[in-house]
Amino acid sequence: MNAYLRMVGLGLTTTAMLGSLGQSVHGEDWQQWRGNDQTGVAPGSAYPTQWNEDTAAWRLEIPGSGGSTPVIAGGQAFLTSGRDGQNHLLSFDIEAGKLLWSTKVGTDRGAKHRKGSGANPSAVTDGVLAYAYFRSGDLAAIGKDGAIRWQKNLQDIYGTDTLWWDLGTSPLLTENAVVVAVMQTGPSYLVAFDKQTGDELWKTDRQLDAPEEAAQSYSTPLLTTVSGKPIIAVMGADHLTLHSAADGKELARLGGFNPDGEKFFRSISSPVISGDVIVCPYSRGKTLTGVKLSSLLDGKGEKAIAWMRDDLGSDVPTPAAVDGRIYVCGDKGTITAIAAETGETVWSLPMPKSSDAFSSSPLVAADSLYVTRENAVTYVIGPLSVDEPKLIATNKLADDKPYTVASLVAFEKGFLLRTKTSLYRFVE
């Protein structure tokens, strides 16, 4: 048995681009919510497939509450939390299994939804600074020593949050900026700040004609390249928009995701990119659409749509993408692999029935797919290299209280998992 620790009271790729975002980036770093290339795929080839409470390398009780996924740089894990009426960015030493520091970042606005909190967005890091964003509108850049380098409140500057539920959009890093998408009823925009100084670099309005709650989105933008140019893709408010990462200028727009004008088609699941195809979940998990990025940028509009499925999707979990396949986790637990180019089903596998849904997003590690329920049970499906993968492991933990919404992340042949109250580490 491993030592158990507890602390109480406290052709398009993004990989090369993100590798240049910071000066202290290591192969094992997990710089943002869906990984360095935003596909939900772990580097390396050796990861555990089975664990339980007794085999955890360590477990730490997290002070406060939050739903953010850990991000990793230089052996430190960063995650957000609300505690004693304040937002906090927490840093953990992964090897030692201990809390290093907790930095206050404004006033915690708490939660509207039983699954939410005032600390839902995941931090991002360039290896030098970590950037934390909260429901209160507070955005801060914090050093690896816990000292705030700059801080501002987007709602004080640009207007009050009008989301019906808890802010969930995570920031995005480009080469020189931290970018935040605000998609809500009322003034919506994309804004970029200098990573080092916090100065506004550009701001682009994103006012679209989505009705009522459909104008609201909790998804996270993607960074990619098209014809050698860095592009930001944003999904929400019934539209996919593509923007120049240099100045935020809108380069292309695709609507039609809500043809009947449904008032409550808010979007939570983020898109994912595979090659030249961006896959967009929408319609509260009822549709999945593949769009050719190069065609959309060429002005082809609806003709850029490569395929559309109205029998498949995910409302909350964001799909994973690797080797030309998209792995979709339905909210009730059916896992479906589809071909990114055609949208055709490769295989489908239902998980064991449960009253608990799925809110965290799937992770591909080595030759397996990992999906975690809201009760912290992680199912492992594999091998992915065979025609019909099977359920090969069911991993349960003591902290099974609702709701685990953070996603499993990879680190040095192992994983970090944030449950309702704890942070766990599992190793090979």
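Attention here is on the structure that accompanies the text. Residues take numbers from 1 onward in each chain, read along the sequence in its written order. The predicted nature of this model means local features are confined to residues of pLDDT at least 70 and side-chain atom pairs, given and counted, to a pLDDT of 80 or more, with totals for whole chains, interfaces and linings taken over all residues. Note that the side-chain values use all heavy atoms of the structure and ignore hydrogens as well as water.

Points about the side chain of arginine 425
And step 1. Secondary structure counts use DSSP, requiring at least four H or I residues in a row for a helix and at least two E residues in a row for a strand, with both numbered from the N terminus. Tracing the chain through its elements places arginine 425 in strand S32 (residues 422-427).
And step 2. Buried means the residue's accessible area, taken with a 1.4 Å probe over protein chains only, is under 20% of the maximum for its type, while exposed means over 50%, and partly exposed covers the values in between. We classify arginine 425 as buried; its relative accessible area is 7%.
And step 3. When checking whether two residues touch, look at their non-hydrogen atoms; a contact exists if any pair is within 4.5 Å. Setting aside chain neighbours within four positions, we find arginine 425 in contact with Ala56, Ala57, Trp58, Ile94, Glu95, Phe411, Glu412, Phe415 and Leu416.

Let's talk about the pairing of strand S16 (residues 239-244)
And step 1. Burial analysis of S16 places 6 of its 6 residues in the buried class, the great majority of the element.
And step 2. Pairing between two strands is assigned when DSSP locates at least 2 bridges connecting them. Between strand S15 (residues 229-236) and S16, which pair antiparallel one after the other, the connecting turn spans 2 residues, and alanine 237 there sits at a positive phi close to 60°.
And step 3. With 4 bridges joining them, S16 and strand S17 (residues 250-254) adopt antiparallel strand pairing. Residue threonine 241 lies in a different strand from S17, and its bridge partner there is arginine 253.

A few points about the packing of aromatic side chains
And step 1. Classification of ring pairs rests on two measures: the distance between centres of Phe, Tyr or Trp rings, Trp counted by its six-membered ring, which must be within 6.5 Å, and the angle between planes, read as stacked under 30 degrees, edge-to-face over 60 and tilted in between. If you walk through the whole model with that rule in mind, you get 15 aromatic pairs.
And step 2. Aromatic side chains tryptophan 51 and phenylalanine 426 sit 4.6 Å apart centroid to centroid with 15° between the ring planes, which places their arrangement in the stacked category. In this pair, tryptophan 51 sits in the loop between helix H1 (15-18) and strand S1 (58-61) while phenylalanine 426 sits in strand S32, placing the two residues 375 residues apart along the sequence.
And step 3. Tryptophan 51 sits in the buried class, given a relative accessible area of 5%.
And step 4. On the numbers, 6.0 Å between centres and 45° between planes, the contact of phenylalanine 78 with tryptophan 101 is tilted. Taken together, the positions of phenylalanine 78 in strand S3 (residues 76-83) and tryptophan 101 in strand S5 (residues 98-107) put the pair 23 residues apart, joining distant regions of the chain.
And step 5. A network of ring pairs unites the aromatic residues Tyr47, Trp51, Tyr370, Phe415, Tyr424 and Phe426 as a single cluster.
And step 6. For a ring to carry a charge above it, either NZ of a lysine or CZ of an arginine must fall within 6 Å of the ring centroid while also lying within 35 degrees of the normal to the ring plane. The ring of tryptophan 33 carries the charged tip of arginine 34 above its face, separated from the ring centre by 5.6 Å.

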